[in-house]
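Coordinate analysis (summary)
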Amino acid sequence: MRASQFFISTLKEAPADADITSQKLMMRAGFIRKQAAGIYSWMPMGLRVLRKVEAIIREEMNRAGAIEVSLPVVQPAELWQETGRWDAMGAELLRFKDRHERDFALQPTAEEVITDIARRELKSYRALPKNFYQIQTKFRDERRPRFGVMRGREFTMKDAYSFDRSAEDAGKSYDNMYAAYRRIFDRFGLSYRAVAADTGAIGGDRSHEFQVIADTGEDAIVYCPTSEYAANIELAEAVAPAGERAGASAPLSKVHTPKVKTIAELVDFLKIDIKQTVKAVVVEGEEDEAVLMLVRGDHELNEVKAQKIAGIKNPLTFASPAAIRDAFGANPGSLGPVGFQGRVIADRTVAKMADFVIGANEDDQHYTGANFGRDCAEPEVFDIRNVVEGDPSPDGQGVLAIQRGIEVGHVFYLGTKYSAAMNATFLDEDGKPKPFEMGCYGIGVTRILGAAIEQNYDDKGMIWPDAIAPFAVVVCPVGYDRSEAVKEAADKLYAELTAKGVDVILDDRGERPGAMFADWELIGAPHRVTIGDRGLKEGKVEYQHRRDSEATAVAADAILDHVLSKLA
């Protein structure tokens, strides 16, 4: 490709409404242009990266035995009503009526449509296993689209769906897709982790997220540096402290704590260690009753864990101030289990505490020296907190560390959640109908670009891995339109690289060196060869990787092999 034949539209400044680095750089480099909130046009430079990402995914999905289909973006309401997700999905599901007043939705995912196809097409166990996938436009009507392609409303996703005879076979399909995802992300050239994850609203009971490591990531990834354990923060288990709970050694004492409403204020007022305090959180039970949840003062309630407890409203709903006053006789900030007659759930760490400080269910009053069993009933005990760095690893192989990540892929084992709801069955070997065992597997294709940039950039612009760079190599001739020697050398190298199958662009626009280099540093081409009159007179050209601080002089007659070795 020659730059004069391509479309390069870089900007010196990002639009004022760009939120994060990847959005700013994609806008400046001319990868995308905003059309509406969360909706972007893909420009030629960005589309090249997108297509490379898709190609890698397609190759590995085909290699794994998946079969490509293309499902409709517009889906009939009847299918979503069968599974109950027409109402449960909420406002993110964009619903509309056609001219005949029939209800439709723009697909955010395609479990219902693919399950409908399976129940009509896969009649016998002999047709199984099958795995269908698509790379298709999706739409989710985000309340607050932001972060460019990271949380847009319209996006491209690869979604796949497996159908099996048994849970055992479905497990094999899951493992096959997990391995395929490993190959995909390895080929992208990104630093990532596969972490055990909560299945969320999509259902199922086995799940892994694929997280691209980035300091700007929204998700907290928990892992053990000395073992293979990894999970997202919602799922990571907080192990109970070792040993038995110490016996009570202090009397229960009520302390006046005027205007103390937070743990930080309590610690400061009483001059105590935060680990002596217990934080009270009130949520709603399934019958709208107040349920008291207790975590240590320096810990945070894990809402995903909490809402899985039997009898707790799902999604987790925090009690209103009025409901709290009715149940406790006090306002938030002064609550505790002593004297409370309702349900009390304590985190594993709190259950091992003795002589702790807690609200006294009177405004501006706290108890010191509180103990379960003596001062209040023993609570129900569950893991309901977020882990913190230094907690024991659940596998017993070390302690936990936490880093930030961006979720770009997710694999689920669904079981019969959708097939049972939609009466999607096949005839098994015994001639009896049986629901499909299903799995689903997604990759946020457009999100990959944002995540790759968040992981790979500097103050000059983006730094693309070779496999998904818009162009792997850029040839930058200085004075292409003025020097016949430069033009001849640049054309020759461009032709040789092209003949070797290298994805190369020749910048023949005649730009000044500073402007030309600034464009390609912004765009992030990983390999650059600069050809100029002065160097050619000495038989030299310059090679520079995008991460290199300065260029390296290379003999002009050796530059082809040098670049090929760098690409290898």
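As the structure is a computational prediction, the values presented were derived from the model and not from experiment.

**Things to note about the layout of surface pockets**
Taken as a whole, the second largest pocket encloses approximately 280 Å³ of empty space. Taken together, 20 residues form the lining of the second largest pocket, with K261, K279, A280, P332 and G333 sitting closest to its centre. Contributing elements (two or more residues each) for the lining of the second largest pocket: α7 (263–270), β14 (278–284) and β17 (356–359). For the lining of the second largest pocket, the element with the highest residue contribution is β14, accounting for five residues. Considered class by class, the residues forming the lining of the second largest pocket number 13 nonpolar, five polar and two charged.

**Some words on the pairing of strand β7 (residues 130–139)**
Taking burial as the measure, the 10 residues of β7 include eight buried ones, the bulk of the element. Strand direction decides the pairing type here: strand β3 (residues 67–68) and β7, joined by two bridges, are parallel. Across the sheet, the residue bridging to E68 is Y133, located in β7. When β7 meets strand β8 (residues 154–164), the two strands line up antiparallel, connected through 10 bridges. Each bridged residue has a counterpart across the sheet, and for Q136 the counterpart in β8 is M157.

**Describing the sheet that holds strand β5 (residues 95–97)**
The strand order across the open sheet formed by three strands is β4-β6-β5, and the pairing between neighbours is antiparallel. In the strand order of this sheet, the two ends are held by β4 (74–76) and β5, each with one partner. The sheet shows a mean angle of 40 degrees between the axes of neighbouring strands, taken without regard to direction. Bridge count between β5 and strand β6 (residues 103–106): three bridges; the pairing is antiparallel. Across the sheet, the residue bridging to R95 is A105, located in β6.

**Some words on the nonpolar core**
Within soluble globular proteins, side chains that are nonpolar generally end up buried alongside one another. Counting 65 residues, the largest nonpolar core has F31, F185, F188, W464 and W520 as the members making the most contacts within it. Looking at which element gives the most residues to this core, the answer is helix α6 (residues 167–188), with eight residues. Excluding anything up to four places from it in sequence, F185 contacts L190, Y192, F210, V408, G409, I443 and I448. In this structure, M353, A360, Y367 and A370 belong to the second largest nonpolar core, which totals 23 residues.

**Considerations on the packing of helix α1 (residues 21–28) against helix α12 (residues 445–455)**
It is the contact of α1 with α12, at a shortest axis distance of 8 Å, that shows an interaxial angle of 105 degrees. One element, α1, and the other, α12, form an angle in the roughly perpendicular class. Contacts between α1 and α12 involve T21, S22, L25 and M26 from the former and L449, G450, I453 and E454 from the latter. Residues belonging to the contact of α1 with α12 are distributed by class as follows: four nonpolar, three polar and one charged.

**Things to note about the sheet that holds strand β28 (residues 527–531)**
With mixed pairing, the five strands of this open sheet are ordered in space as β27-β26-β28-β29-β30. Edge positions in the sheet fall to β27 (504–506) and β30 (552–555), since each of these pairs with one other strand and no more. Going across the sheet, the axis of each strand differs from the next one's by a mean of 25 degrees, ignoring polarity. The sheet contact formed by β28 and strand β29 (residues 540–545) spans four bridges and is antiparallel. For R528, the partnering residue across the bridge sits in β29 and is Q544. Each of β26 (473–477), β28, β29 and β30 is contacted by helix α16 (residues 559–567), which is oriented at about 10 degrees to β29, the strand it contacts most.

**Some points on the domain arrangement of the chain**
Taken domain by domain, the chain holds domain 1 (44–211 + 406–441), domain 2 (253–382) and domain 3 (471–567). Placing the centre of domain 2 and that of domain 3 at their C-alpha centroids yields a distance of 66 Å.

**A few points about the pattern of salt bridges**
Counted by the stated rule, this structure contains 50 salt bridges. E60 is paired through a salt bridge with R183; the nearest N and O atoms lie 2.8 Å apart. Here the residue E60 occupies a position in helix α2 (residues 44–63), and R183 occupies one in helix α6, the gap between them amounting to 123 residues. Residue E60 is classed as buried on the basis of its relative accessible area, which comes to 4%. For the salt bridge of E496 with K492, the shortest nitrogen-to-oxygen distance reads 2.8 Å. A residue pair is termed a helical-turn pair when its members lie 3 or 4 positions apart in one helix, as E496 and K492 do in helix α13 (residues 484–499) at four residues. Here K492 falls in the exposed class, since its relative accessible area comes to 52%. Several salt bridges converge on common partners, so that one network encompasses E59, E60, R63, R183 and R187.

Each value, and the rule that gives it
Residues numbered from 1 in each chain as written. Predicted model: local features only at pLDDT ≥ 70, side-chain atom pairs only at ≥ 80, totals over all residues. Heavy atoms only, no water. 1 Å grid on protein atoms, 1.4 Å probe; cavity = no way out; pocket = protein on both sides within 12 Å on 5 of 7 lines; lining within 4 Å. Points joined across faces, edges and corners; volume = space filled by probe spheres on them. Helix = DSSP H or I, 4+ residues; strand = E, 2+ residues; numbered from the N terminus. Nonpolar A, V, L, I, M, F, W, Y, C, P; charged D, E, K, R; others polar. Buried < 20%, exposed > 50% of the residue type's maximum accessible area, 1.4 Å probe, protein only. Pairing = 2+ DSSP bridges. Axes fitted to C-alpha atoms, helices over the stretch in contact; angles between N-to-C directions. Core = buried A, V, L, I, M, F, W, Y, C linked by side-chain atoms within 4.5 Å. Contact = heavy atoms within 4.5 Å. Parallel < 35°, antiparallel > 145°, perpendicular 65-115°, else oblique. Domains from an automatic or database assignment. Salt bridge = Lys/Arg side-chain N within 4 Å of Asp/Glu carboxyl O.

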